[in-house]
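# Descriptive analysis of the structure
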Amino acid sequence: MTSSNRYLTSWEGFWGSVSGAPGEVFWDADPAHAAQQDFALFREHFDPQLPVIDLGCGNGTQTRFLAKHFARIIGTEIAPAAVELAGKINGATNVSYRLLDVLCPDDAERLHDEIGDANVYMRAVLHQLSPADHAVAVQSIERLLGEKGVLYLVELSSAAEPFFAKLIAEYGVPPGLARVFQHQITPGMLHEDNLASLFSSDRFMLLKTGPSHIRTVHSLPTGEVVQVPAFYAILRRQ
Ligand SMILES: C[S@@+](CC[C@H](N)C(=O)[O-])C[C@H]1O[C@@H](n2cnc3c(N)ncnc32)[C@H](O)[C@@H]1O
């Protein structure tokens, strides 16, 4: 099985099992917290004239939030079930959803031919790809950005692994995470120290980076909402 087929099988299975009821999807934080926390960081860097691609948009929760701030949003996904769900529960007149495997740079090139340079918002997508696939994903992103686009990424950091280990040891596996594991999807990470080699300085300019978190829908018995350690980065092409 090629790696794309592996992601497609797992994620199609996952999204096909989601009904759209609130709280089912572990990382599906209310965008009042999630995209808004990101928006404050990238708003000054995104040219509002450009379309915004929500790459690996899942069920479109954050996509619809982005649509409140930008004229045209395109949510892209590997899984047809995610596109269908997003269209049903997170539609808006300035949002469209379509299939795009981030591991197919030629498809990214075709989208760029169609819409021109775009800003890219990517939340919790690279970390779940195998490290061997990161470079190809970056090629696709590079094509989508073109000359003027800016990338905002927020991905689990190296602190996420010990965080999950402690969480599970203390409280067991949260139901939302168990649903992910059922589909052979395991949270990985994109080590923040590898950012510079992945987005090399001869091709990309790092505008800003820093610690962040991915807010989840899971609350601990203490009432605290689980927020997984993450980092953000804002990059553009040289
Ligand atoms: C952890 S979810 C994050 C979803 C969304 N960005 C959010 O924050 O709600 C990761 C998403 O990446 C998508 N994905 C996985 N592999 C992909 C690939 N090769 N190309 C495009 N999307 C992919 C999955 O279907 C899933 O929706």
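Relevant structure appears above.
Here is what the cut-offs are and how they apply
Residues numbered from 1 in each chain as written. Predicted model: local features only at pLDDT ≥ 70, side-chain atom pairs only at ≥ 80, totals over all residues. Heavy atoms only, no water. Salt bridge = Lys/Arg side-chain N within 4 Å of Asp/Glu carboxyl O. Helix = DSSP H or I, 4+ residues; strand = E, 2+ residues; numbered from the N terminus. Buried < 20%, exposed > 50% of the residue type's maximum accessible area, 1.4 Å probe, protein only. Pairing = 2+ DSSP bridges.

So, about the pattern of salt bridges. Opposite charge on two side chains makes pairing possible when the charged atoms of those side chains draw close. As enumerated under the stated definition, the model contains eight salt bridges in all. With a closest N to O distance of 3.3 Å, Asp106 and Arg143 form a salt bridge. One end of the pair, Asp106, is in helix α5 (residues 105-115); the other, Arg143, is in helix α6 (residues 134-145), and 37 residues separate them in sequence. Across the pair Glu142 and Arg203 runs a salt bridge, and its minimum N-O distance is 2.7 Å. Taken as a pair, Glu142 in helix α6 and Arg203 in the loop between α9 (195-198) and β6 (204-219) lie far apart in primary sequence, 61 residues in all. The class of Arg203 is partly exposed, set by a relative accessible area of 29%.

For strand β5 (residues 150-156) and strand β7 (residues 225-237), the ladder comprises seven bridges, and the chain directions are antiparallel. Each bridged residue has a counterpart across the sheet, and for Val150 the counterpart in β7 is Arg236. The pairing of β6 with β7 spans 12 bridges and is classified as antiparallel. Along β7, the bridge assignment pairs Phe204 with Arg237.

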